[in-house]
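Fold and geometry: a report
Listed below are the residues making up each chain.
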Amino acid sequence: MNEYIPSPSRWVAEQVSLYEGSGGNDGTTLKDLPVIIVTNRGWRTGAIRKTPLMRVADGDKYVLVASQGGSPKHPLWYHNLKANPKVEIQDKREVHSMVVREVTNSVEKKRLWNIAVEAYPPYQEYQEKTDRVIPVFIAETNKHIKKTL
Ligand code: F42
């Protein structure tokens, strides 16, 4: 299925629409901090999903934080990325084909978590308000991927 299904959350769907519709010129921030759009595939539906996340950079890689405001459950996109790690990431006017992996090594995770909290301090509050350990992915360019999504 190649159909794009917008988020049922209206403010999220509107951010995606503004971001993409303006070619990455508008709608690129949340609380004045930069946002990326992660295009992923629904693991159940196979549909295209577009998930705005805070832009957290580690060199030319991106750190994706499945915080969902500190809610008790992982966001659904977490499961999509575990099932299909190929994504496209739009960072303002640039679109990158990337592959993600969940960071499980505790040393690597701590380093990336610190970078994430520096970029977006509320992540720390989100972790404190939930019992789950907030997952972190790292997204890297995969030059071997000819076609994604
Ligand atoms: N969320 C974060 O977790 N971290 C961030 O840094 C973040 C930043 C951010 C910035 C701007 C903005 O507009 C939103 C931001 N969000 C951030 C919110 C984020 O974009 C997501 O909306 C949020 O994390 C919730 O993710 P979700 O995947 O649970 O989205 C819900 C609302 C959703 O789209 N649900 C769909 C639905 O129909 O209910 C299903 C989506 C889906 O992927 N379905 C799968 C499928 O197969 O199609 C099945 C999934 C399953 O396991 O059943």
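What you see is a predicted model; the values in this text were computed from it and never measured.

Quick word on the pattern of salt bridges
Pairing of side chains with opposite charge becomes possible as their charged atoms draw close. Evaluation of the coordinates by the stated rule reveals eight salt bridges. With its nearest N and O atoms 2.9 Å apart, the salt bridge here joins arginine 111 to aspartate 58. Remark: aspartate 58 occurs in strand β4 (residues 57–58) and arginine 111 occurs in helix α3 (residues 106–119); sequence separation between them is 53 residues. Accessibility expressed as a relative area gives 43% for arginine 111, which makes it partly exposed. According to the relative accessible area criterion, aspartate 58 is buried, its value standing at 17%. Arginine 101 is the partner of glutamate 140 in a salt bridge, and the nearest nitrogen-oxygen pair spans 3.6 Å. Note that glutamate 140 is positioned in strand β8 (residues 136–141) and arginine 101 in strand β7 (residues 94–102), a separation of 39 residues in sequence. Members of the salt-bridge network, linked through shared partners, are Lys61, Arg101, Glu108 and Glu140.

About the thresholds
- Residues numbered from 1 in each chain as written.
- Predicted model: local features only at pLDDT ≥ 70, side-chain atom pairs only at ≥ 80, totals over all residues.
- Heavy atoms only, no water.
- Salt bridge = Lys/Arg side-chain N within 4 Å of Asp/Glu carboxyl O.
- Helix = DSSP H or I, 4+ residues; strand = E, 2+ residues; numbered from the N terminus.
- Buried < 20%, exposed > 50% of the residue type's maximum accessible area, 1.4 Å probe, protein only.

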